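Architecture at a glance
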Amino acid sequence: MVSHTIELLKNEIPLEQESVVLAEDTVNGLVLVDIINGFCTVGAGNLAPRESNKQISEMISESARLARLFCEKKLPVMAFLDSHQPNKPEEPYPPHCIAGTDESNLVPALRWLENETNVTIRRKDCFDGFVGSMEEDGSNVFVDWVKKNKIKTVVVVGVCTDICVLDFVCSTMSAKNRGFLKPLENVVVYSNACATFNVPLEVATNIKGALAHPQEFMHHVGLYMAKERGAKIAKQVLFGKVEKV
């Protein structure tokens, strides 16, 4: 019954995805959002999955594959890692990904990124990696990364599709549209390398303050809203020659 309802809802907001070809003769950047133990490794924390989850496992696998490809090509990669101070709660969620703990570290399948010279690691203390990139002097690490590397297309992957990924995409699209991110032209969200969490209604009703969060549908909603903001939603990401129109 639940899956039937979700399909009905998805049919009301259909999402068309495309195959995105990244031009070899320009600079493409990869942004990984919060692919860390506290959100992805079973039993790793308050917001970690309680059991193995197919959507999350596939997200990690595809993100690792794409990251390898970007690193082989020596293209710029930025990884956001959720890292909170214990005395600064992030409502409405319980304490999670506390700075200095393994919760806030990359999952094992991506820890190798820490040793790659083309990778920038940014620990953030809020949902939105764009806002989390702001420094006290007013500069922004993400903005500087785009401009320094002359990135024209950013591919975004990670968790959660409808929260941190979406917030980052919305801020990035707004900044791009205002002309603050030149020469950035495209923001691509790769759907198979994104994931979110699952809290069925019957579980949420037994947890004080919890919100129901059907995984498949909220993943769909996150992608749909990113497209509403102007991002491209990709069912696959390829490198190759882009034909000029």
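Bear in mind the structure is a predicted one, so any value in this text is a computation, not a measurement. By convention here, each chain's residues receive numbers from 1 onward along its written sequence. Given that the model is predicted, a residue must reach a pLDDT of at least 70 before its local features are reported, and side-chain atom pairs must reach 80 or more before they are shown or counted; all residues, however, enter totals for whole chains, interfaces and linings. Hydrogens and water are ignored here; the side-chain numbers use all heavy atoms of the structure.

Moving on: the overall build of the chain. Only runs of H or I of at least four residues qualify as helices and only runs of E of at least two qualify as strands under DSSP, and these elements are numbered from the N terminus. When its secondary structure is counted, the chain shows seven helices and seven strands. Its helices and strands in sequence order give the chain the pattern α-β-β-α-α-β-β-α-β-α-β-α-α-β, from N to C terminus. The quantity called the radius of gyration is restricted to C-alpha atoms. Its globule counterpart is 2.2 Å times the number of residues to the power 0.38. In summary, the chain has a C-alpha radius of gyration of 18 Å against a globular reference of 18 Å for 245 residues, a match within 12%. The principal-axis extents of the C-alpha atoms in the chain amount to approximately 55 × 45 × 35 Å. Long-range pairs, those at least 24 residues apart, make up 76% of the contacts in the chain with a sequence separation of at least 6. Residue burial considers only the protein chains on display, and all accessible areas are found by Shrake-Rupley using a 1.4 Å probe. Taken as a whole, the chain presents about 12600 Å² of accessible surface, with 52% of it coming from carbon and sulfur. Only four residue types enter the tally: Lys and Arg on the positive side, Asp and Glu on the negative side; His and the chain ends are excluded. Note that the charge is assigned to NZ on lysines, CZ on arginines, CG on aspartates and CD on glutamates. Between the mean site of the 26 positive side-chain charges and the mean site of the 31 negative ones, the chain shows a separation of 7 Å. Two residues form a contact once any of their heavy atoms are found within 4.5 Å.

To continue, consider the pairing of strand β6 (residues 186-195). Relative accessibility under 20% of the residue-type maximum defines a buried residue, over 50% an exposed one, and the middle range a partly exposed one, all with a 1.4 Å probe and only protein chains included. Burial analysis of β6 places eight of its ten residues in the buried class, which makes it a mostly covered element. Both strand β5 (residues 153-159) and β6 contribute to a ladder of six bridges, which runs parallel. By the bridge assignment for β6, V159 is matched with A195. Crossovers are marked right-handed if the path from the first strand over the helix to the second runs clockwise, as seen with the strands pointing away from the viewer. Considered for its hand, the β-α-β crossover made up of β5, helix α5 (residues 161-177) and β6 is right-handed. Two strands pair when backbone bridges link them, and β6 and strand β7 (residues 232-240) are joined in this way by three bridges, in the parallel orientation. Looking at β7, one finds that V188 is bridged to K232. Two strands make a pair as long as DSSP finds a minimum of two bridges between them.

Next up on the list: the side chain of Q55. Examined against the element boundaries, Q55 turns out to sit in helix α3 (residues 54-72). With residues near it in sequence (within four places) discarded, Q55 still touches C194, A195, T196, Q215, E216 and H219.

Now for the sheet that holds β6. Across the sheet, seven strands lie side by side as β1-β7-β6-β5-β2-β3-β4; this open sheet has parallel pairing. Among the strands making up the open sheet, the edge pair consists of β1 (18-23) and β4 (119-124). Averaged over all pairs of adjacent strands, the angle between strand axes in this sheet comes to 30°, irrespective of strand direction. With six bridges connecting them, strand β2 (residues 28-33) and β5 associate as parallel partners. Counterpart to V33 in the pairing with β5 is G158. Note on geometry: axes are lines fitted to C-alpha atoms, helical ones only across the stretch in contact, with angles between N-to-C directions running from 0 to 180 degrees. Helix-sheet contacts for α3 involve β1, β2, β3 (77-82), β4, β5, β6 and β7, and the interaxial angle to β6 is about 135°.

For Phe, Tyr and Trp, rings pair up if their centres lie within 6.5 Å, where Trp contributes its six-membered ring, and each pair is then called stacked (planes under 30 degrees apart), edge-to-face (over 60) or tilted (otherwise). Summed over the entire model, instances satisfying the criterion amount to six aromatic pairs. Taking the centre distance of 5.4 Å and the plane angle of 65° together, the rings of F70 and F239 count as edge-to-face. Pair noted here: F70 is in helix α3 and F239 is in strand β7, with a separation of 169 residues, a long-range link. Overall, F70 belongs to the buried group, its relative accessible area being 0%. A cation over an aromatic ring shows up here: K73 above the ring of F239, its NZ or CZ 4.8 Å from the ring centre. A ring is considered to have a charge above it if a Lys NZ or an Arg CZ atom is located within 6 Å of its centre and within 35 degrees of its normal.

Next up on the list: the nonpolar core. Within this scheme, the nonpolar core is defined by two criteria: the residues are buried Ala, Val, Leu, Ile, Met, Phe, Trp, Tyr or Cys, and they are joined through side-chain atoms within 4.5 Å. L110, F142 and V155 are the most contacted members of the largest nonpolar core, which totals 69 residues. With nine residues, α5 is the single largest residue contributor to this core.

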